[in-house]
Every structure is written in structure tokens, then in C-alpha cells.
Amino acid sequence: MDDSAAALAARDLAVLWHPCTQMHDHERVPMIPIARGGGAWLIGADGRRYLDAISSWWTNLFGHANPRIAAAIAEQARTLEQVIFAGHTHAPAVELAERLLAVAPPGLSRVFLADNGSAAVEVALKMSFHYWRNRGEGERRRFIALTGGYHGETLGALAVSDVGLYRETYAPLLFERLLAPSPDAWESLPGESAADVAARRLDELRALLERHAHEVCAVIVEPLVQCAGGMRMYHPSYLTGLRALCDAFRVHLIADEIAVGFGRTGTLFACEQAPPTAPGARAGITPDFLCLSKGLTGGFLPLSAVLTTQRVYEAFYADYSAGKAFLHSHSYTGNPLACRAALATLDIFRDEPVLERNLALAAHLAARLAPLAEHPHVADVRQTGLIAAVELVADKITRTPYPAAERRGLRARLAALERGVVLRPLGEVIYAMPPYCTTPEEIDLIVDAIAAGIDAACR
Ligand SMILES: *Cc1c(COP(=O)(O)O)cnc(C)c1O
């Protein structure tokens, strides 16, 4: 790092406090000042280039400083940057709602906007609870979440999350949720396929619903991939069965596609991959609430959306005196700049063969990653669309994990960084979630960095 970059890093460490970070680590781990971005690359303040293999926390879909999205925001900034979203509206928000509903699973007809993923989850939880209350079923006040799930870190979102690292300290502050076992294919019993695990977990969920459905508002899940919980992947038949169970037991289904939405898993939304219930029937499920954020603005601005059904909307629609109105507001709700960034992102999906290209890129990534499975400490190489993960263990036969205190994932991160690739392992799960503009050659660099990361981690 040159002097000016090092000076910037030092000034940062004097005044800032970073997320998901023990700041003490930065006594030995460098803080990297980034000056610019372009395509899949970040360019450091010292001119060093870093390939962003994790799309900057899964937000950046079409490359950094994407000219099309940047131009849309610039134009909007000169026109209308912000307006109170109660009692007022604007074209970017209206158009965004129309276009999201047009591409979302059928049956969703209302869009509520917020400004980050956790807020979208809070909205869905509150809306579901309030729906039942407005319908005279206020005794429903519990939520069912999956083990290993992650839905954000505000208190409500954290309450339905099950990742110990983020949860444990704050557990005394969180409302109690019911946990159903994740359909995670990693937890298969000998001889079980991923579909078998899904079927077994549905039986367990059914048993939970039999006991508790009367007091439950909703089941919340991350469709197909539990991301922050370790990129754990499951069979799409779980989603089909989950929709059927939620219908049978009359509870809502909240699909948190904050990470997996917008083409990440191979389809625009992961819910589309749920297999049909019968031959000839339509594939895909429609949740009662669909939470979107992260990739929604192509990684440019914070924005989130909760899509829901007319049925839910109507339970709130009444004379003011009935006191049924949904109450949840953020100052920046429906920010025009963010809505325009989202529209430009949807334009790219409309005008370019994004999903086809992703399919080819995912196939290339899979082919390059496959040999890593031979490594004596790699217990699993798994992939769903453009999410690929390698899980390291101390003992491959018994799948005994490395002690968390050894922080082998951190070693992998630093080894990749030396090669100019940004990775951020989740414990001993090293993953790639590259921007969709990544080239096959850049994928090769990422896989080489993962291989180097594995060696560094297992040393
Ligand atoms: C990131 C994430 C969230 C939280 O979004 P933030 O914008 O970070 O608050 C919620 N759910 C899932 C599945 C996520 O990956």
C-alpha cells in the first residue's frame, strides 16, 4: 500500500467503526481503501486491483459504476432526489411497483417499500401479524423460522434468524420464535438424496404446525440457499411442500429473497424453481410476502420491497376509525434515486439475456470448482446458480468441523487478497457470488484464489 492509501486506512481506523468486524483485528489485517470500481473489479486507493468475487456483500449485479445505472441515478438526482412518501408519490416508485409485480410470481399485487433488507423483513413480520389481528386472530403472534436461517440483524429480523454469531449476544432482547429443521442437503442421512431430506424436513414442519399453527402468523424461509448461515443449499421440492403446508394450516409464507432474488439462483426469483405439484401443473410458488433488497438496485443504493397479495392488502383497507392501517415508516421510504436505480437494473434484465449468460457462467464455475472436491479437507463443493461454496472440515469422513477459534476462513480470505481477489468466507465455508458481468477468465482467477485460500486455511 502506498503512503496516501495507508494514511487513509489510518484515518479510517481513528474514527470509524465497521460492521461485522472486531476492530482489533485491524491491528494485523489491513483495511483496504477503495477509490473506484469498474466491472467486477475494485480499484484500491493505491491503484491495486481486486476482483470482487462476492459482489460486495451480494449487492452488485452488473459491475461497479455500471454506466447505465449511474446515468439513471444522475438524471434523477437533477430532477427529484427525495420527497415525503406519505400523501405524495412519484413516477419512479409507481413504475418500479408495476414492473416488480409484472416479473414477480403470479398473485402478488401490492408493493411496500423500505430501505434495507432487515427493514423488509420487519415489514413482512409486522404485516403478517397485523393481518391476522385485523381479521380477529390476534392470538397469532409467533413465527416459524428454519435452523441456520438469516434474515438480518435488526431485533425482529434477528429474532427469526438462527446464526449463532450474530444472535447469541443479543438473544435476551429477542422475541421467541419456533424453529423448524432446515432442509439443508448437507444434513442428509446415509443414502438420502437432497429430495429425501426435503421430504423428511417437511414431515417435521408438519408436526410443528399441528401443534402450533393456531398461534403462528407465518413461516419465514430463504428459498433454495441459506446464505449467511453458510451457503447451505436445499432441494426445491421443499418450497412446493412448504407452500402446501402453509395453505393447509392457514399460515403465511414469507419468502426472503433478499440475497437469492434477481437471477442469483438461475431464475429471476428462487421461488420459481419449486417443482409443480402434479405433472402439467405450473412450476413455482407464490409466497404471501416476498422480500427483496440487495441486488434490487444493482448494488447502487439501499432499497427494499415487500410484495404481497390483494388478500393481505384488503385486510388493512377500512375506514380510518377502524384503526386497521399498517404502520411502518422510514424517512427514506420510496426514495426516487433508489427507485430509479432499481428501474435501470430491471431494464438490464429486460434488454440483455442475463439469465442465459448466468447459466453459462455458472456451468463454467462448476467445471472449474469440481476438482477442489478432491482436497483432503474439502467436505463439500456445492452450487446453485451463481452461488458456489466449498466447505472445509478437520475430518472429511466424519465431517468434524475445525474449531471456530482457529479462524481458518480468515486465513483463506487473506490468501485470496494477496492474489487480488476479494473473498469473505463464512467460517470455514469459502464461497463465490460474483457479479453477473464476470468473465470466464475472471471466474478462473476466483477459483485459483479459492484454491489458494483452501491451502492457506488448511495449513
Ligand atoms: C442480507 C440479508 C438480509 C438483511 O439485509 P440488510 O440489507 O443487510 O439489512 C436479510 N435476509 C437475507 C436472506 C439476507 O441475505
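Residues numbered from 1 in each chain as written. Predicted model: local features only at pLDDT ≥ 70, side-chain atom pairs only at ≥ 80, totals over all residues. Heavy atoms only, no water.

1. Examining the layout of surface pockets
Looking at the second largest pocket, its volume works out to about 930 Å³. When residues of the lining of the second largest pocket are traced back to their parent elements, those giving at least two are helix 4 (91-103), strand 4 (110-114) and helix 10 (310-316). Each residue belonging to the lining of the second largest pocket can be placed in one class, and the counts come to 18 nonpolar, eight polar and one charged. (1 Å grid on protein atoms, 1.4 Å probe; cavity = no way out; pocket = protein on both sides within 12 Å on 5 of 7 lines; lining within 4 Å. Points joined across faces, edges and corners; volume = space filled by probe spheres on them. Helix = DSSP H or I, 4+ residues; strand = E, 2+ residues; numbered from the N terminus. Nonpolar A, V, L, I, M, F, W, Y, C, P; charged D, E, K, R; others polar.)

2. Topic: the domain arrangement of the protein
Along its sequence, the protein is carved into domain 1 (32-65 + 353-457) and domain 2 (71-351). Once you take the C-alpha centre of each, domain 1 and domain 2 turn out to be 26 Å apart. With 31 residues of domain 1 at the contact, the number on the domain 2 side is 28 residues. Both sides of the domain 1 and domain 2 interface together cover about 2,400 Å² of buried area, and 67% of this is carbon and sulfur. On the surface where domain 1 and domain 2 come into contact, there are one salt bridge. Here R232 makes a salt bridge to E391, at a shortest N to O gap of 3.1 Å. When residues of the side of domain 1 that touches domain 2 are traced back to their parent elements, those giving at least two are helix 2 (55-58), helix 12 (354-369), strand 13 (378-384), strand 14 (387-392) and strand 16 (429-432). At five residues, strand 13 tops the list of elements feeding residues into the side of domain 1 that touches domain 2. Tallied by class, the residues present in the side of domain 1 that touches domain 2 amount to 19 nonpolar, eight polar and four charged. (Domains from an automatic or database assignment. Contact = heavy atoms within 4.5 Å. Buried area = accessible area lost by both parts, 1.4 Å probe. Salt bridge = Lys/Arg side-chain N within 4 Å of Asp/Glu carboxyl O.)

3. Quick notes on the sheet that holds strand 16
Sheet architecture is open: three strands sit in the order 13-14-16, paired in antiparallel fashion. Taken across any chain shown, the strands that pair with only one partner, and hence form the sheet edges, are strand 13 and strand 16. Going from strand to strand, the sheet's axes swing by 15° on average, the running direction of each strand aside. Examined bridge by bridge, strand 13 and strand 14 share six bridges and lie antiparallel to one another. From the neighbouring strand, D380 faces strand 14, where its bridge partner is E391. (Pairing = 2+ DSSP bridges. Axes fitted to C-alpha atoms, helices over the stretch in contact; angles between N-to-C directions.)

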